[in-house]
Amino acid sequence: MSPLNTAPAAPRGLRTAAIVAALVLLAIVAIGLTTRARGASELRAWTAENAIPTVAVVQPQPLGAAAALQLPGRLEAYAQAPLYARASGYLKRWTVDIGAPVKAGQVLAEIETPELDQQLAQARADLAKAEADAELARSTAKRWQSMLGTDAVSKQEVDEKTGDAAVKEAAARSARANLERLVATQGFKRVVAPFDGVVTARNTDLGALITAGAGSPLFVVADTRRLRLYAQVPQVYVPSIQIGQAATLNVPEQPGRRFDARIESMARAVSATSGGALVQMVVDNADGALLPGGYADVSLELPGRAVGATIPASTLIFNADGMQVATLGADGKVAMKPVTITRDLGKVVEVSGLEAGARIIDSPPDSLLEGDSVRVAEKPADDKAAPAGAAKKG
């Protein structure tokens, strides 16, 4: 062929450079694919590992040989009497004020009763007239009866005079009873203390209009030498309460001081409102340290009732199946256990239905189900950081 039609051959150096560039490109692609595959594998492993929740585990604490039942209580005076007026009028004077000690029969106030005084005077006059009429009717009937054997009077007339005498005597008795009623009512002009105690309220003053049996009591007198203490005992503890059982209490105004009480009586019924039975205790208050109407923290020892355990309130799960706790078995699987709360103490609760040594999950996740696998946290730690590949993937 003619040398003019032959193409010049490519230089050897150019071919070598192209081959090296291709090899470098292939190496870069291979390295990228390998790195991407390793990151994806690490991400899958990290996701699978963190899909198992890490939980804290607590153990129930036994109640001990004797459990003390702590209850809120209310103090009341052993005897308390609101004193109302039984005679209408105006308050003439009062002799004691709130906080004053009084003796039985002591005059607390006096009421001025002009209308009652006039009624009493009229009743005395009515009685005098009725007795005079009765005396005349008796003497008349006696004379007519003496003439019954003669022809001067008839049997009918004698019966009429005798009947009239009986009517007049009945009228005299009625007038006498009315007078005695008014005399008794006049005795209520003086308001007196029914027993030894302390005046806890005074709701009247000089010149006040007093209406018998209406309005607020004029005074309230309370016997505070002994106090009644009332508390609601939860239904589950009612069988352990015995009459005469000892109790202790303390009050906010006497910090550090404990008072002795004794159970006097108990309502043998459970209140639908509180779910407990009302217990009445008696407290000696000779020194006046306790105030009626105040709040008290009551402690009742319940020997032989140490059945159950205390657990943190944060372990409880409440759902359609009722109250439960999530326990951790030896195989690391979750098992739901139903429990019954016997007493709520705030941060901890007393429950029944747990075995000794059970491992309970604290603050369980809402998604936790029966049979799930969990990881127990040895100690609080920061969340694991995702691997580099996972960070790039996110």
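Every value quoted in this text rests on a predicted model; they were computed, and no experiment measured them.

A. A look at the overall build of the protein. Looking only at helices and strands, the protein has 4 helices and 22 strands in total. Scored against the burial criterion, the 394 residues of the protein give a buried share of 30%. Pairs at least 24 residues apart make up 74% of the contacts formed inside the protein by residues separated by at least 6 positions. Approximately 24,000 Å² of the protein is accessible, and the part contributed by carbon and sulfur atoms is 57%.

B. Representation of the packing of helix H2 (residues 114-146) against helix H3 (residues 155-187) within the structure. Between H2 and H3, the shortest axis-to-axis distance is 7 Å and the interhelical angle comes to 160°. Accordingly, the angle class assigned to the pair H2 and H3 is roughly antiparallel. As H2 packs across H3, the resulting crossing turns out to be left-handed. Per-class residue counts for the contact of H2 with H3 are 17 nonpolar, 7 polar and 12 charged.

C. Looking closely at the nonpolar core. Residues Leu-75, Leu-229, Val-233, Ile-241, Leu-249, Met-281 and Leu-300 are the most contacted members of the largest nonpolar core, which totals 27 residues. Elements with a minimum of two residues in this core: strand E3 (66-83), strand E10 (219-234), strand E11 (246-250), strand E12 (259-266), strand E13 (276-284) and strand E14 (295-303). When near neighbours in sequence (up to four residues on either side) are disregarded, Leu-229 contacts Gly-73, Arg-74, Leu-75, Leu-249, Val-279, Gln-280, Met-281, Val-283, Ala-296 and Val-298. Counting 16 residues, the second largest nonpolar core, distinct from the first, contains Leu-83, Val-102, Leu-218 and Phe-219.

D. How the structure looks around the side chain of Arg-228. Following the sequence through the fold, Arg-228 ends up in strand E10. At 3.5 Å, the side chain of Arg-228 and the side chain of Glu-264 are in polar contact. Not counting residues within four places of it along the chain, the set of residues in contact with Arg-228 comprises Arg-74, Leu-75, Glu-76, Ala-77, Tyr-78, Glu-264, Gln-280 and Met-281.

E. Spatial organisation of the sheet that holds strand E20 (residues 348-352). Taken together, 4 strands build an open sheet; the order of strands is E2-E15-E20-E19 and the sheet is antiparallel. Among the strands making up the open sheet, the edge pair consists of strand E2 (61-62) and strand E19 (340-344). When E19 meets E20, the two strands line up antiparallel, connected through 4 bridges. By the bridge assignment, Arg-343 is partnered in E20 with Glu-350.

F. Fine view of the confidence of the model for the protein. Taken residue by residue, the protein gives an average pLDDT of 83. The fraction at 70 or more is 88%. When the criterion is pLDDT under 50, residues 381-394 qualifies, and its contacts beyond four places in sequence or with other chains add up to 11 contacts.

G. Structural detail: the packing of aromatic side chains. Summed over the entire model, instances satisfying the criterion amount to 0 aromatic pairs. Over the ring of Tyr-78 we find Arg-226, and its NZ or CZ is 3.9 Å from the ring centre. Taking the ring centre of Tyr-78 as reference, the NZ or CZ of Arg-228 above it sits at 3.8 Å.

H. Expanded view of the pattern of salt bridges. Counting across every chain of the model gives 13 salt bridges. In this structure, the salt-bridge partner of Asp-133 is Lys-129, at a minimum N-O distance of 3.0 Å. Here Asp-133 and its partner Lys-129 are both found in helix H2, 4 residues apart, which amounts to about one turn of the helix. The partly exposed category is assigned to Asp-133, whose relative accessible area is 27%.

I. Expanded view of the sheet that holds strand E4 (residues 89-94). Taken together, the 4 strands give an open sheet; going across it, the order is E7-E6-E4-E9, and neighbouring strands pair in antiparallel fashion. Only two strands of the sheet have a single neighbouring strand rather than two, namely strand E7 (190-192) and strand E9 (209-210). Alignment of E4 against strand E6 (residues 107-112), held across 4 bridges, turns out to be antiparallel. Note on E6: the bridge partner recorded for Arg-93 is Glu-110.

J. Just H3, in detail. Taking 1.5 Å per residue as the helical rise, H3 with its 33 residues ought to reach 48 Å, and the 48 Å between its terminal C-alpha atoms agrees with that figure. Of all the positions in H3, only Val-158, Ala-165, Ala-172, Ala-175, Leu-179, Leu-182 and Thr-185 are classed as buried. Tucked into the core, H3 has its buried residues touching H2.

K. Region of interest: unusual backbone geometry. One non-glycine residue, Ser-363, lies in the positive phi region at around 50°. Examined against the element boundaries, Ser-363 turns out to sit in the loop between strand E21 (360-362) and strand E22 (375-376).

L. Fine view of H2. In this model H2 runs 49 Å from its N-terminal to its C-terminal C-alpha over 33 residues, within 8% of the 48 Å that 1.5 Å per residue would give. Leu-116, Leu-120, Ala-123, Leu-127, Ala-130, Ala-134, Ala-137, Thr-140 and Ala-141 are the residues of H2 that are buried. Its buried side turned inward, H2 meets H3.

M. Local environment of a nonpolar patch on the surface. Where nonpolar side chains cluster on the molecular surface, the patch consists of Ile-19, Leu-23 and Leu-26 and spans about 330 Å² of accessible area. Among the structural elements, Ile-19 can be located in helix H1 (residues 12-50). On the basis of relative accessible area, Ile-19 is assigned to the exposed category, the value being 53%.

N. Main features of the pairing of E12. Relative to E12, E11 runs antiparallel, the two being bridged by 4 bridges. Each residue of the ladder has a partner; that of Ala-247, found in E12, is Ala-261. Inspection of the sheet shows E12 paired to E13 by 5 bridges, in the antiparallel sense. Across the sheet, the residue bridging to Arg-262 is Val-282, located in E13.

Conventions adopted
Residues numbered from 1 in each chain as written. Predicted model: local features only at pLDDT ≥ 70, side-chain atom pairs only at ≥ 80, totals over all residues. Heavy atoms only, no water. Helix = DSSP H or I, 4+ residues; strand = E, 2+ residues; numbered from the N terminus. Buried < 20%, exposed > 50% of the residue type's maximum accessible area, 1.4 Å probe, protein only. Contact = heavy atoms within 4.5 Å. Areas by Shrake-Rupley, 256 points an atom, 1.4 Å probe, with all protein chains shown as cover. Axes fitted to C-alpha atoms, helices over the stretch in contact; angles between N-to-C directions. Parallel < 35°, antiparallel > 145°, perpendicular 65-115°, else oblique. Left-handed = near helix turned anticlockwise from the far one by under 90°. Nonpolar A, V, L, I, M, F, W, Y, C, P; charged D, E, K, R; others polar. Core = buried A, V, L, I, M, F, W, Y, C linked by side-chain atoms within 4.5 Å. Polar contact = N/O pair within 3.5 Å; in protein donor to acceptor, adjacent residues only side chain to side chain. Pairing = 2+ DSSP bridges. pLDDT = per-residue confidence, 0-100. Phe/Tyr/Trp six-rings, centres within 6.5 Å; stacked < 30°, edge-to-face > 60°. Lys NZ or Arg CZ within 6 Å of the ring centre and 35° of its normal. Salt bridge = Lys/Arg side-chain N within 4 Å of Asp/Glu carboxyl O. Expected span 1.5 Å × (residues − 1). Patch = residues over 30% accessible without salt bridge, like charges linked within 9 Å, V, L, I, M, F, W, Y side chains within 5 Å.

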